[in-house]
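Listed below, chain by chain, are the residues.
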Amino acid sequence: MRAIITAVGHYVPENKLTNADLEKMVDTNDEWIVTRTGIRERRILDKDKGTSYMAVCAAEKALNQRGMSADELDLIIVATVTPDMMFPTTAALVQEALAANNCWGYDLSGGCTGFVCALSTASQFIESGRHKKVMVIGADKMSAITNYQDRNTCILFGDAAGAVILEATDDPDLGVKDFILRVDGFGKKYLYMKAGGSLKPATHQTVENEEHYLYQDGKPVFKQAINGMATTSATLLERNNLSSHDLRLLVPHQANLRIIDAVGKKLKLNPEQVAINIDRYGNTTAATIPLALSEYYQQGDLKIGDWILFTAFGAGFTWGSLLMRWALNGSASD
Ligand code: COA
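Per chain, the residues get numbers from 1 upward, laid out in the order the sequence is written. Local features in this predicted model are restricted to residues of pLDDT 70 or higher, and side-chain atom pairs are both shown and tallied only at a pLDDT of 80 or more, whereas totals for entire chains, interfaces and linings draw on every residue. Here the side-chain values reflect all heavy atoms present in the structure, with hydrogen atoms and water set aside.

**Section: the packing of aromatic side chains**
- For Phe, Tyr and Trp, rings pair up if their centres lie within 6.5 Å, where Trp contributes its six-membered ring, and each pair is then called stacked (planes under 30 degrees apart), edge-to-face (over 60) or tilted (otherwise). Following the criterion strictly, the structure yields ten aromatic pairs and no others.
- Relative to Tyr190, the ring of Phe186 lies with its centre 5.8 Å away and its plane at 65°, an arrangement referred to as edge-to-face.
- A 1.4 Å probe rolled over the protein chains alone gives each residue an accessible area, and that area as a share of the maximum for its type sets the label: buried under 20%, exposed over 50%, partly exposed in between. Take Tyr190: its relative accessible area is 16%, and that puts it in the buried class.
- Arranged with centres 5.8 Å apart and planes meeting at 80°, the rings of Tyr192 and Tyr215 form a pair that is edge-to-face. You can see Tyr192 sitting in strand β9 (residues 191–193) and its partner Tyr215 sitting in strand β10 (residues 214–216), a full 23 residues away along the chain.
- Of the residues examined, Tyr192 reaches a relative accessible area of 34% and is grouped as partly exposed.
- Residue classification places Tyr215 among the partly exposed positions, given a relative accessible area of 32%.
- Pairwise contacts between aromatic rings join Phe186, Tyr190, Phe313, Phe317 and Trp319 into one cluster.
- In this scheme, the term charge over a ring applies when either NZ of a lysine or CZ of an arginine sits within 6 Å of the ring centre and within 35 degrees of the ring normal. Lying across the ring of Tyr53, Lys49 places its NZ or CZ 4.8 Å from the centre.
- A cation over an aromatic ring shows up here: Lys194 above the ring of Tyr215, its NZ or CZ 4.3 Å from the ring centre. Strands are runs of DSSP state E lasting at least 2 residues, helices are runs of H or I lasting at least 4, and numbering of each runs from the N terminus.

**Focus on the domain arrangement of the chain**
- Domain parsing of the chain yields domain 1 (2–169) and domain 2 (175–325).
- We define buried area as the total accessible area lost by two parts upon association, computed with a 1.4 Å probe and summed across both. Summed over both sides, the interface between domain 1 and domain 2 buries roughly 3,900 Å², with carbon and sulfur atoms accounting for 65% of that surface.
- What counts as a salt bridge is simple: a side-chain nitrogen of Lys or Arg found within 4 Å of a carboxyl oxygen of Asp or Glu. The tally of links from domain 1 across to domain 2 stands at zero salt bridges.
- The definition of a polar contact used here is a pair of N or O atoms within 3.5 Å, where within protein one atom must be able to donate a hydrogen and the other to accept one, and adjacent residues in sequence count solely through side-chain atom pairs. Across the contact surface, domain 1 and domain 2 share 17 residue pairs in polar contact (both at pLDDT 80 or more).
- Secondary-structure elements contributing two or more residues to the side of domain 1 that touches domain 2 are β1 (2–11), α2 (30–37), β3 (41–43), α5 (114–127), β6 (133–141) and β7 (159–169).
- The element that contributes the greatest number of residues to the side of domain 1 that touches domain 2 is α5, accounting for eight residues.
- Gly counts as polar in this scheme, as do all residues outside two lists: the nonpolar Ala, Val, Leu, Ile, Met, Phe, Trp, Tyr, Cys and Pro, and the charged Asp, Glu, Lys and Arg. Each residue belonging to the side of domain 1 that touches domain 2 can be placed in one class, and the counts come to 23 nonpolar, 20 polar and nine charged. Boundaries of every domain are those given by an automatic assignment or by a domain database.

Right, here's the structure in full:
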């Protein structure tokens, strides 16, 4: 039994935060942001909505595309670091909103690698024969944990969600083929939220110290990200007897255009083999990969049998890659 993607949808909020807007908020400029990151604008969700809102919108699009009732789902996995609340899970909120009445679900906190982690675990539920239909969502409202007075981080992040439906197939030539995932807590000090967890619960002082925002020391993250994504991707290709020519599309986590370019170069890929939309959305953490995949599918750029490689790097550190063969023809309208 193999796991194939049978539908993919995404949601981005309408409200745009451009580089020109950020120039009015912190000491930065469009030229610096574009040359250092490749980002031109991001989407920002309304203050009164949480991550589950975007997750539900993306999931509904995937269900509609497939013509599937939410009742048919066995499992919902939501990859996120910005759950609506500490508990219950965002998956529970999504289940209720979709009226998916025959499933269980959980959240997966894997930082920017969260979606790849969720896809790998979902595929194994299907390969085992235990489940037939799994909704995998990557969704983050990064604006909720971003300090818009910190120019080091506020230029990077945005809000979005993407969702795929994974189903079982007997066709041995399609679907999730292989993956490599890693975690190393060595990276914990470079990208984290200082307070609000059980180690340092929220107090007036922690809020005053602005410790509930994302903190990042960008340089070490940058270096490790290129290495982690390129190494796991190259190993996956090699151990599956594939060359860079065989790959239709690399869908990398969108954290920085320079990181994406460096990974593409190391893998000897042409520009048209690399999915890029960071210019329009910034880093949407767990949402970047399904969002980019959804856009490429909508454009009609993918066909059955295409080899696709997902690769990501994020807080933890976590990193890894997943190789699959595309199982859908044509394109989907939004
Ligand atoms: N506008 C203008 N100047 C800025 C700035 C901004 N928004 N942000 C930082 N700078 C300044 C810095 O203060 C520094 O000034 P200094 O030399 O006087 O101290 C200078 O620009 C260079 O900063 P630096 O941090 O060295 O830039 P960089 O080239 O490393 O780029 C990041 C910074 C964050 C874009 C980059 O490190 C990065 O993308 N890191 C990885 C991000 C990532 O992958 N995160 C998520 C993983 S999921």
